[in-house]
Amino acid sequence: MAKIGFIGLGNMGGPMAINLVKAGHAVTVFDLSDTAIATLVSAGASAASTAVEAVKGAEYVISMLPAGKHVESLYLTGDQPLFDHLAEGTLVIDSSTIDAQTAKRVGGIAAGRGISFMDAPVSGGVGGAVAGTLSFMVGASDQQFSQAKPILEVMGKNIFHAGVQGSGQIAKACNNMLLAILMTGTSEALNMGVDNGLDPKVLSEIMRLSSGGNWALEVYNPYPGVMPNAPASNGYQGGFQVDLMSKDLGLAMALSEQSNSATPMGTTARDLYKTHGEKGNGSLDFSSIIQGYQK
Ligand code: NAD
């Protein structure tokens, strides 16, 4: 049983922390939302009234925050920066999806102060967080990765060591850029087939089992009625929001600029999602991008 401080109990962090409690770990939690803390306390966690209190005596600290500025503020620049309060030997695991540069900078400052910090963003959505089947993409040293793995395995099914600090965020940006390209491409092909008289179910099955087959056609078809359990068949509710996909594409574009990498497909996908969100669809599932193609 490990002593864990968990900060950020939103849609993802809440169920991740619950899985740690269920596995028998001693979890002390903090969030800006009292309701989020209360949910965790009823699941068996201990409540802290500040982030500093949550990490007191912790062997592991896990954060699951919205963006880079929140992570930087929590550990470095806020009123009570956690890097001033961590016990020696604590391993900090930041699972927020943030820009790789911030992850590297915070990680570098941590290392300079003898603090162990790694980036470990996730894929798998809220469903994966609840089921404990997330994929973790870890940027860390070999030693940090081995130390974190048993804890990450409680919350996830696939634990990948992407490389040194910052690599987890780079892998996450690459994956989600590809996901956006696949979803827009699948939507484009399906819409063209239907415009030309094909049944979306028949066309989906043909492409799924032919050379156009991909994850969207396998498990997440964007056309309503093709897959009963996909968000498309439920008014695009639940799933992965357009606003979050736009955020991730912004991170991917920043990364491509920094490395001067050509990303024409990613740029187009980013533009399509931006326009779709601006039309008031930000809270719909990201497969709703097909609506932008429909007449
Ligand atoms: P969320 O907005 O539901 O939760 C964020 C939580 O952080 C909130 O409860 C908020 O009160 C808390 N918070 C913010 N600043 C804080 C601070 N200084 N101290 C304590 N608590 C603070 O977001 P989420 O959906 O849980 O996503 C968290 C991260 O996971 C994001 O980086 C997101 O991109 C990433 N992610 C989300 C999904 C998804 O499907 N939702 C999937 C993969 C990755």
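Residues numbered from 1 in each chain as written. Predicted model: local features only at pLDDT ≥ 70, side-chain atom pairs only at ≥ 80, totals over all residues. Heavy atoms only, no water.

**Things to note about the environment of G5**
Position of G5 relative to the elements: it lies in strand β1 (residues 3–7). On the basis of relative accessible area, G5 is assigned to the buried category, the value being 0%. Once the C-alpha coordinates of G5 and A230 are considered, the two residues, 225 residues apart in sequence, prove to be 35 Å apart. Here G5 is in contact with T28, A54, A58, Y60, V61 and I62, once residues within four sequence places are set aside. (Helix = DSSP H or I, 4+ residues; strand = E, 2+ residues; numbered from the N terminus. Buried < 20%, exposed > 50% of the residue type's maximum accessible area, 1.4 Å probe, protein only. Contact = heavy atoms within 4.5 Å.)

**Let's talk about the domain arrangement of the protein**
Per the domain assignment, the segments of the protein are domain 1 (3–164) and domain 2 (170–292). The centre of domain 1, based on its C-alpha atoms, is set 29 Å off from the matching centre of domain 2. Contact with domain 1, which involves 13 residues of that partner, is made by 9 residues of domain 2. Counting each side, the surface lost to burial between domain 1 and domain 2 is near 830 Å², with a carbon and sulfur contribution of 65%. Together, T97, A100 and M137 form the three largest contributors to the area buried by domain 1 at its contact with domain 2, with a combined 46%. Joining domain 1 to domain 2, the criterion identifies 0 salt bridges. Applying the counting rule to domain 1 against domain 2 returns 3 residue pairs in polar contact (both at pLDDT 80 or more). (Domains from an automatic or database assignment. Buried area = accessible area lost by both parts, 1.4 Å probe. Salt bridge = Lys/Arg side-chain N within 4 Å of Asp/Glu carboxyl O. Polar contact = N/O pair within 3.5 Å; in protein donor to acceptor, adjacent residues only side chain to side chain.)

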